[in-house]
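Tertiary structure, described
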Amino acid sequence: MTDNFKLAPSILSADFSDLQSALKICDGGNAHWIHVDVMDNQFVPNLTIGPPVVKSLRSKTQKFMDVHMMVINPEKLVEPFARAGADNITFHIEATDEPENIIDLIRSCGCKVGVSIKPKTPLSDIYPILDRVDVVLVMSVEPGFGGQGYLPESSEKIASIKSFLTENCLDRVSIEVDGGIKLHNAKSILEAGADILVAGSEVFKSNDPVQTIKDFYKLSN
Ligand code: DX5
Ligand code: ZN
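Residues numbered from 1 in each chain as written. Chains lettered and ligands numbered in written order. Predicted model: local features only at pLDDT ≥ 70, side-chain atom pairs only at ≥ 80, totals over all residues. Heavy atoms only, no water.

Let's shift gears to the nonpolar core. Counting residues in each nonpolar core, the largest one holds 65 residues, and the members touching the most others are Ile11, Val36 and Leu130. Sorting elements by how many residues they give to this core places helix α1 (residues 19–28) first, with 5 residues. (Core = buried A, V, L, I, M, F, W, Y, C linked by side-chain atoms within 4.5 Å. Buried < 20%, exposed > 50% of the residue type's maximum accessible area, 1.4 Å probe, protein only. Helix = DSSP H or I, 4+ residues; strand = E, 2+ residues; numbered from the N terminus.)

In structure tokens form, the structure reads like this:
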């Protein structure tokens, strides 16, 4: 099934000096979510966006804001991002020994909960907590930078997670996939079981980003 998926353009590849235009692009293409990549120069080498920027974005858009925290000590940033206006907060399973506590904290802030997994981490690390989250974010590149190529083994992982969710009556949990998603491979990623596609460079580095978002949605026809 490829219908009813959500597209979450990642503003990591947008012009950081003009994020308002990035929001307008997301509006123009009717993107469902806005994906915000938070990097701390420790969990990943790159350094990006903090709560003040999310707060500014919140004042300019009603869209669902999907905050992907690629940070160590994620528990320290949950409340600041929730107060800034995040709708979903995703943490990395590799960044904590106490995922249940972070899940409870995110929920207590009134946000949806996501857990993300890097390409080399075994799926068995997330299976025990999937009944407590709303979203599982499968990294299909090593986190840290936009513009990398989709790791082909990711599709098998997506399919395995999909089977696990179905077998455990957890179909309410959405599978989000992040990294290297392009118009040419999106359909096969959806067929593997993705519900939400993150796309950064494909949208924001294209000649016509609004049209590119629309082209993604055409894939479900
Ligand atoms: C990478 C980020 C991604 C990134 C995706 O660590 O989590 O969200 O923006 O960018 P593309 O779509 O260019 O791979
Ligand atoms: Zn991301």
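Following the structure, the description resumes.
Next up on the list: the coordination of the zinc ion (ligand 2). Ideal donor angles around a metal are set by the shape: a four-donor tetrahedron calls for 109.5 degrees, a six-donor octahedron for 90 or 180 degrees. For the zinc ion (ligand 2), the full set of protein donor atoms is His35 (NE2), Asp37 (OD), His68 (ND1) and Asp178 (OD), at a range of 2.0 to 2.3 Å. Because the angles between the 6 donor atoms bound to the zinc ion (ligand 2) fall within 69 to 168 degrees, the donor set is best described as octahedral. In terms of primary sequence, the donors binding the zinc ion (ligand 2) are separated according to H-x1-D-x30-H-x109-D. Taken together, the positions of Asp37 in strand β2 (residues 33–39) and Asp178 in strand β7 (residues 174–178) put the pair 141 residues apart, joining distant regions of the chain. With respect to burial, Asp37 and Asp178 carry one shared label: buried. (Donors = N, O, S within 2.8 Å, 3.2 Å for Na, K, Ca; no water. Tetrahedral: all angles 85-135°; square planar, octahedral: opposite > 155°, others 65-115°.)

The next point concerns the packing of helix α3 (residues 75–84) against helix α4 (residues 99–108). At a minimum axis separation of 9 Å, α3 and α4 run at an interaxial angle of 15 degrees. Regarding the angle of α3 to α4, the classification is roughly parallel. Considering only the axes of α3 and α4, their crossing is right-handed. Note on element contacts: α4 touches α3 through Ile102, Leu105 and Ile106, opposite Glu75, Val78 and Glu79. Residue classes in the contact of α3 with α4 are distributed as 4 nonpolar, no polar and 2 charged. (Axes fitted to C-alpha atoms, helices over the stretch in contact; angles between N-to-C directions. Parallel < 35°, antiparallel > 145°, perpendicular 65-115°, else oblique. Left-handed = near helix turned anticlockwise from the far one by under 90°. Contact = heavy atoms within 4.5 Å. Nonpolar A, V, L, I, M, F, W, Y, C, P; charged D, E, K, R; others polar.)

Most of strand β3 (residues 64–70) sits inside the fold, with 7 of its 7 residues counted as buried. Going residue by residue along β3, you find Phe64, Asp66, His68 and Met70 tucked away on one face and Met65, Val67 and Met69 tucked away on the opposite face as well. Here β2 pairs with β3 via 7 bridges, running parallel. Directly across from Trp33, in β3, lies its bridge partner Phe64. For the crossover that starts at β2, traverses helix α2 (residues 51–58) and ends in the parallel β3, the hand is right-handed. Inspection of the sheet shows β3 paired to strand β4 (residues 88–92) by 3 bridges, in the parallel sense. The residue of β4 that forms the bridge with Asp66 is Asn88. (Pairing = 2+ DSSP bridges. Right-handed = clockwise from strand over helix to strand, strands pointing away.)

Take unusual backbone geometry next. Positive phi values are uncommon outside glycine, yet Asn41 reaches one of about 65 degrees. Counting through the fold element by element, Asn41 comes out in the loop between β2 and α2. A positive phi angle, near 55 degrees, is found at Cys169, a position not held by glycine.

That is the geometry; function is a separate question.
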